[in-house]
Amino acid sequence: DVVEEVLVVAQEPALCEELRQLLIGAGVSRIVGTDDVTHATRTLANGVGAVFLWASLPGGLTLSLVKSAASLVPAPYIVVVGEASHPDLFDLARAGAQAYLRWPANADEVQRCLEYACESAADPEVVVHFCVGQVDLKGAQARLRRAMLGKALSFSDGSRRAAARILGVTRPAVQRM
């Protein structure tokens, strides 16, 4: 499996294009690159499989976009790219970032990120790993519900009725999730 659609958010067009070429080489069919936060937010809302965000976006925009992406159902696989301090990386991971890619990267590193995205985007173990010590049990249950819903929706090609059958709940219950 390959992530079908990837959003790349970078300040510099050259960086965006370089990562875009690596993603094309890895088999990604649709890549949206932008330096505009409004465009990035709109693209996230329409749904993408993964988002690669530069750590150096100004004014805390990286953290803001990570939080926005992590709150989506299903949430995309979130990769932070570039140089960042350990405290910043910790904050980004707590907000929902799932991987860090040093830059410059090579094709193999980008390929590994995409493979991991396919394997673990809604894996309960990944959800548990990011929840322990960061949210209470109620918050962790909400994240697990979102992850299960995301996986069920992906199995059912977005059909809420089919996702409800997969999860063993009613369609209105799926809508409330």
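Another aspect to go through is the overall build of the protein. Along the protein, the regular secondary structure elements total nine helices and five strands. Across the protein, helices and strands are ordered from the amino to the carboxyl terminus as β-α-β-α-β-α-β-α-β-α-α-α-α-α. Of all 177 residues assigned to the protein, the portion counted as buried reaches 40%. Sequence-distant contacts in the protein: of pairs separated by 6 or more residues, those separated by 24 or more amount to 60%. Approximately 9,700 Å² of the protein is accessible, and the part contributed by carbon and sulfur atoms is 52%.

Pairing of strand S1 (residues 5-9) with strand S2 (residues 30-34) involves five bridges; the strand directions are parallel. Paired with Glu 5 across the two strands is Arg 30, which belongs to S2. What joins S1 to S2 is helix H1 (residues 13-25), and the crossover it makes is right-handed.

Both the distance between ring centres and the angle between the ring planes are used here to describe each pair of aromatic rings. With the rule as written, the count across this model stands at one aromatic pair. Taking the centre distance of 5.1 Å and the plane angle of 70 degrees together, the rings of Trp 54 and Trp 103 count as edge-to-face. Taken together, the positions of Trp 54 in strand S3 (residues 50-54) and Trp 103 in the loop between strand S5 (99-101) and helix H5 (107-120) put the pair 49 residues apart, joining distant regions of the chain. Per residue, the accessibility class of Trp 54 equals that of Trp 103, and both read buried.

As a further point, take the sheet that holds S5. Read across the sheet, five strands follow the order S2-S1-S3-S4-S5 without closing on themselves; strand pairing throughout is parallel. With partners counted over all chains shown, the strands left at the sheet margins are S2 and S5, one partner each. Each adjacent strand pair in this sheet contributes to an overall mean axis angle of 20 degrees, direction not counted. Here S1 pairs with S3 via four bridges, running parallel. Counterpart to Val 8 in the pairing with S3 is Phe 52.

Attention now goes to the side chain of Glu 5. One can find Glu 5 in strand S1. Judged by relative accessible area, which is 17%, Glu 5 ranks as buried. Residues within four places of Glu 5 in sequence aside, it is in contact with Arg 30, Val 32, Gly 47, Val 48, Gly 49 and Ala 50.

Here we come to the nonpolar core. Membership of the largest hydrophobic core comes to 43 residues, with the highest contact counts inside it found for Val 6, Val 8, Leu 19, Leu 23, Phe 52, Trp 54 and Leu 114. Every residue in contact with Val 6, bar those within four places of it in the chain, is listed here: Leu 23, Val 28, Arg 30, Ile 31, Val 32, Ala 50, Phe 52 and Leu 114. If you look at the next biggest cluster of nonpolar residues, it comprises six residues, including Ala 152, Leu 153, Ala 163 and Ala 164.

Tracing the sequence through the fold places Thr 34 in strand S2. In sequence terms Thr 34 and Val 8 are 26 residues apart; their C-alpha atoms lie 6.4 Å from each other. Beyond its immediate stretch of four places on either side in the chain, Thr 34 contacts Leu 7, Val 8, Val 9, Ala 10, Cys 16, His 39 and Ala 40. In this structure the side chain of Thr 34 is engaged in a polar contact, spanning 3.2 Å, whose partner is the side chain of His 39.

Rules used in this analysis
- Residues numbered from 1 in each chain as written.
- Predicted model: local features only at pLDDT ≥ 70, side-chain atom pairs only at ≥ 80, totals over all residues.
- Heavy atoms only, no water.
- Helix = DSSP H or I, 4+ residues; strand = E, 2+ residues; numbered from the N terminus.
- Buried < 20%, exposed > 50% of the residue type's maximum accessible area, 1.4 Å probe, protein only.
- Contact = heavy atoms within 4.5 Å.
- Areas by Shrake-Rupley, 256 points an atom, 1.4 Å probe, with all protein chains shown as cover.
- Pairing = 2+ DSSP bridges.
- Right-handed = clockwise from strand over helix to strand, strands pointing away.
- Phe/Tyr/Trp six-rings, centres within 6.5 Å; stacked < 30°, edge-to-face > 60°.
- Axes fitted to C-alpha atoms, helices over the stretch in contact; angles between N-to-C directions.
- Core = buried A, V, L, I, M, F, W, Y, C linked by side-chain atoms within 4.5 Å.
- Polar contact = N/O pair within 3.5 Å; in protein donor to acceptor, adjacent residues only side chain to side chain.

None of the figures reported here should be taken as evidence of function without further support.
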